[in-house]
Amino acid sequence: MASNGPGLLQLPPRDAATSPGPLSPGIPPSPGLTSRTTNAISSKVTSVLSTSYADSEFREALALLDERGVNNSAETRRQLRLDVQKEVIDSNGQIISEFGRVADQLRRIGATVDRLNKSYQEMRNHVTASHEATRATTEEASSLMAQKKNVETKQQLLKAFREHFVLTDDEVASLTLTSEPVDDRFFAVLAKAKRIRKDCEVLLGFENQTLGLEIMDQTSKNLNHAFQKLYRWIQKEFKTLNLENPQIHASVRRALRVLAERPSLFQSCLDFFAEAREQILSDSFYLALTGTSASGAKDHSVKPIELAAHDPLRYVGDMLAWAHSATVSEREALEVLFVSDGNEIAKGMQEGRENELWRLMAEEGDEGPPEFDAVKALNELVDRDLSGAARILRQRIEQVIQANEETILAYKLANLLGFYKFTFSRLLGSESADAILLQSMTNLESEALRQFRSLMRDHIATLQGEFQHTPADLAPPDFLQEALKQLSAIMQTYETSLASSTSKPTSRHNKGEASDEDDDDDEEEEDDEEFQPILAESFDPFLTGCENMARKIPAPSNSIFVLNCLLAAQSTLQPYARFTSGRLARLRTAATEHTSKLAESQYGFLVAESSLAPLFSALKPLRADSRADIATIATLGPTQPDALVAASQSLDDFLPSAVMDALENLANLQDAQLARAVTEEAAERFCSDFEHVEELLILADEARGQGAGADGDEMGLRELFPRTTGEIRVLLS
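The structure reproduced in this document is the subject of the present report. Every value quoted in this text rests on a predicted model; they were computed, and no experiment measured them.

As for its position among the elements, Asn 668 is in the loop between α26 (658–665) and α27 (672–704). Considered as a pair, Asn 668 and Leu 474 are 194 residues apart in the sequence and their alpha carbons are 6.1 Å apart. Discounting residues that sit within four places of it in the chain, Asn 668 has contacts with Ala 472, Asp 473, Leu 474, Ile 560 and Asn 564.

The contact between helix α13 (residues 387–403) and helix α15 (residues 436–462) brings their axes to 10 Å, and the two run at 5°. Of the possible angle classes, the one that applies to α13 and α15 is roughly parallel. In this structure, α13 contributes Ser 387, Ala 390, Leu 393, Arg 394, Ile 397, Glu 398, Ile 401 and Gln 402 to the contact, and α15 contributes Ile 436, Leu 437, Ser 440, Met 441, Asn 443, Leu 444, Glu 447, Ala 448 and Gln 451. Taken together, the residues of the contact of α13 with α15 break down into nine nonpolar, five polar and three charged.

Glancing now at helix α14 (residues 407–428). If you check α14, its first and last C-alpha atoms are 31 Å apart, about what 22 residues at 1.5 Å a residue would give, namely 32 Å. Directly after α14, the chain includes Gly 429, whose backbone phi takes a positive value near 95°.

For the rest of this paragraph, the subject is the packing of aromatic side chains. Counted under the stated rule, the structure contains 13 aromatic pairs. Centroid distance Phe 419 to Tyr 420: 5.2 Å. Interplanar angle 80°. Geometry classified as edge-to-face. Here Phe 605 and Phe 654 contribute two aromatic rings whose centre-to-centre distance is 6.3 Å and whose plane-to-plane angle is 70°, an arrangement assigned as edge-to-face. Within this pair, whereas Phe 605 is found in helix α22 (residues 577–609), its partner Phe 654 is found in helix α25 (residues 641–654), the two being separated by 49 residues in sequence. By the burial criterion, Phe 605 is buried, and Phe 654 matches it. By the ring-pair criterion, three or more aromatic residues cluster together here, those being Tyr 494, Phe 531, Tyr 576 and Phe 579. One Lys or Arg, Arg 685, reaches over the ring of Tyr 603 and ends 3.9 Å from the middle of that ring.

With that settled, the discussion passes to the nonpolar core. With 70 residues, the main nonpolar core has Leu 230, Ile 234, Met 319, Leu 320 and Ile 397 as its most contacted residues. Sorting elements by how many residues they give to this core places helix α8 (residues 263–290) first, with 10 residues. Not counting residues within four places of it along the chain, the set of residues in contact with Ile 234 comprises Ala 255, Leu 256, Leu 259 and Cys 269. The next biggest cluster of nonpolar side chains, apart from the first, holds 49 residues, and it includes Ala 550, Cys 565, Leu 584 and Ala 590.

Before going further, it helps to examine helix α12 (residues 374–385). The end-to-end C-alpha distance of α12 is 16 Å, a good match for the 16 Å that 12 residues give at a rise of 1.5 Å each. For α12, the set of buried residues is Ala 374, Leu 378, Asn 379, Leu 381, Val 382, Asp 383 and Asp 385.

At a minimum axis distance of 7 Å, the contact between helix α4 (residues 169–176) and helix α6 (residues 210–239) shows a crossing angle of 40°. The angle between the axes of α4 and α6 places the two elements in the oblique class. Where α4 abuts α6, its residues Val 172, Ser 174, Leu 175 and Thr 176 lie against Asn 222, His 225, Ala 226 and Lys 229. Taken together, the residues of the contact of α4 with α6 sort by class into three nonpolar, four polar and one charged.

Looking now at a nonpolar patch on the surface. A cluster of nonpolar residues, Ile 95, Phe 99, Val 102, Leu 106, Ile 109 and Val 113, forms a patch on the protein surface that exposes about 550 Å² of accessible area. Mapped onto the secondary structure, Phe 99 falls in helix α3 (residues 74–165).

Attention now goes to a negative patch on the surface. A cluster of acidic residues, Asp 169, Asp 170, Glu 180 and Asp 183, forms a negative patch on the protein surface. Mapped onto the elements, Asp 169 comes out in helix α4.

Cut-offs used in this document
- Residues numbered from 1 in each chain as written.
- Predicted model: local features only at pLDDT ≥ 70, side-chain atom pairs only at ≥ 80, totals over all residues.
- Heavy atoms only, no water.
- Helix = DSSP H or I, 4+ residues; strand = E, 2+ residues; numbered from the N terminus.
- Contact = heavy atoms within 4.5 Å.
- Axes fitted to C-alpha atoms, helices over the stretch in contact; angles between N-to-C directions.
- Parallel < 35°, antiparallel > 145°, perpendicular 65-115°, else oblique.
- Nonpolar A, V, L, I, M, F, W, Y, C, P; charged D, E, K, R; others polar.
- Expected span 1.5 Å × (residues − 1).
- Phe/Tyr/Trp six-rings, centres within 6.5 Å; stacked < 30°, edge-to-face > 60°.
- Buried < 20%, exposed > 50% of the residue type's maximum accessible area, 1.4 Å probe, protein only.
- Lys NZ or Arg CZ within 6 Å of the ring centre and 35° of its normal.
- Core = buried A, V, L, I, M, F, W, Y, C linked by side-chain atoms within 4.5 Å.
- Patch = residues over 30% accessible without salt bridge, like charges linked within 9 Å, V, L, I, M, F, W, Y side chains within 5 Å.
- Areas by Shrake-Rupley, 256 points an atom, 1.4 Å probe, with all protein chains shown as cover.
- Salt bridge = Lys/Arg side-chain N within 4 Å of Asp/Glu carboxyl O.
- Lys, Arg positive; Asp, Glu negative; His and termini not counted.
- Charge placed at Lys NZ, Arg CZ, Asp CG, Glu CD.

Written as structure tokens, this is what we have:
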């Protein structure tokens, strides 16, 4: 069920418009009609009974009836359908009336649309006619607009091209005119010109290379003028450069970094700078020496180094100290100027070398010049700056060396020069062996050492007469003692020098060590090689002279004299064993040899003075385990009773003063402890031989069957020679 209007309920239609209702009176039902009526009623009833009261439409119809307030009466039920239909008809009439008004409006709209279509068509005709009339003008305007856009694009390209590839007149003037300053704008324009030249390679890649070649040619000319301007500006700055002003350093350092792209100009600037600094430092050194400038003006604020010329060592030390101070200051200043930008300078020089024409024409296998080393270049530049001062320094020191007549002073000068040579080598680098300053130090050191050797040889020549006279007390001669004093002063100077601290230390030497010739050679190799020539000149000739003097005197005085000299030399060299250990080992070996000779001499003295020499000589070859030797003892001459009694008596007379007499032989040996040790060694050897004699005599008595208390006229050997080894040891201790 659906509503056709507000508040209207659409009821089910009747079965037929012409068929009467079941309750219509006056018409008798026919059988067929009765049957149809019955079926209709049944259908209605069935429909009513089958209606579900839960149906939403049915419930809505009931709700609508309830809202209308219809009473449930027979009249109302009969008129309900009619009322509803009437309401539907009225509603439809209202709708038709409304649609009529809508139709009128549509007709008016249609008329309006027709008028609009007509106006549109007229306007279209007018526009078409206008288009036809203005078509030529429009096409011409479009062409002009396209041409304008093309011109604007070309203008932008030309502007960009000029900005990128062409220098303005102001930029060219800043780059080439010497009246324009070398400032940040100059370097910016220079960088732009270099970029233009590099980018011209792109233009050269096109078929038409004329533009690229012209731009590159003009840019190259401007760059050459710019580098020439920069070169002259740097030379001008170098003339008045104050190495203590860091602000000047920044601008000059930047200019040098850029100029490095032209290696030839860069090297010329370095040469010019070196010449200027050489003259400045030479004048400064002359002022420090004399207190007077090169122009002759007196500077009272400077204390001249020449005032210390009376003291050669101080005079030379002051000059070397000034040179060292100037070298350090120059290096520190130039480090800020060059080394801080060393990588940039090296890159610039490498780029410049690669762009040079002869480099481009070189063969592939040609490596070209070596890579720029900032530190090496700095060291070379410092050496060149100081070359003038180094020449003056060398002349002054040569005069001092040649005028010196003192041996020790000559060595001190050589040692001082060696110290500064080592210092300068560390300052300028070990690879700077060809540096003028280092060569000067090396030559001066060699000259000082030659002067030292010459003075030492002259001194030795004057002592030839003293080499012929041995002192009566066998003490070291005066010339040896004086030489040892000089050597001690020389070794003390060498030990305090830097060369000694860097030499190879020796670790193998013991005071009582004894070694053969091979060991001596090994230890000699451990000596400081730098000090060996000094020992050869200042020590060996004097010791050789003493050995030659000892050959002219008898033993054991010769050994005592040599030992006194060796002991004095050892005591002098011992504090400096660090660089004299090899020479000390040789002295100890020689001392050991002469000590053995003295021990042999003392042993001979004991044997001779005790009158036991015949007995020792006769029994020494015999062995105690040989019966034949034992049997022959009684037949020997020294073992006869008279000889044994005489030997025993002489031994008893000698023993009380034997030790004192033996020590008296070594009275001139200045080392009393060594004298006693030598005597004890000889006494021990004497006791060992006496013990062998005693043992053989006892065995001989046993072999003959005669003991100490045997009866008979013939006495035993031990009775004739009763001294025991124990008694001898006590008396000789």
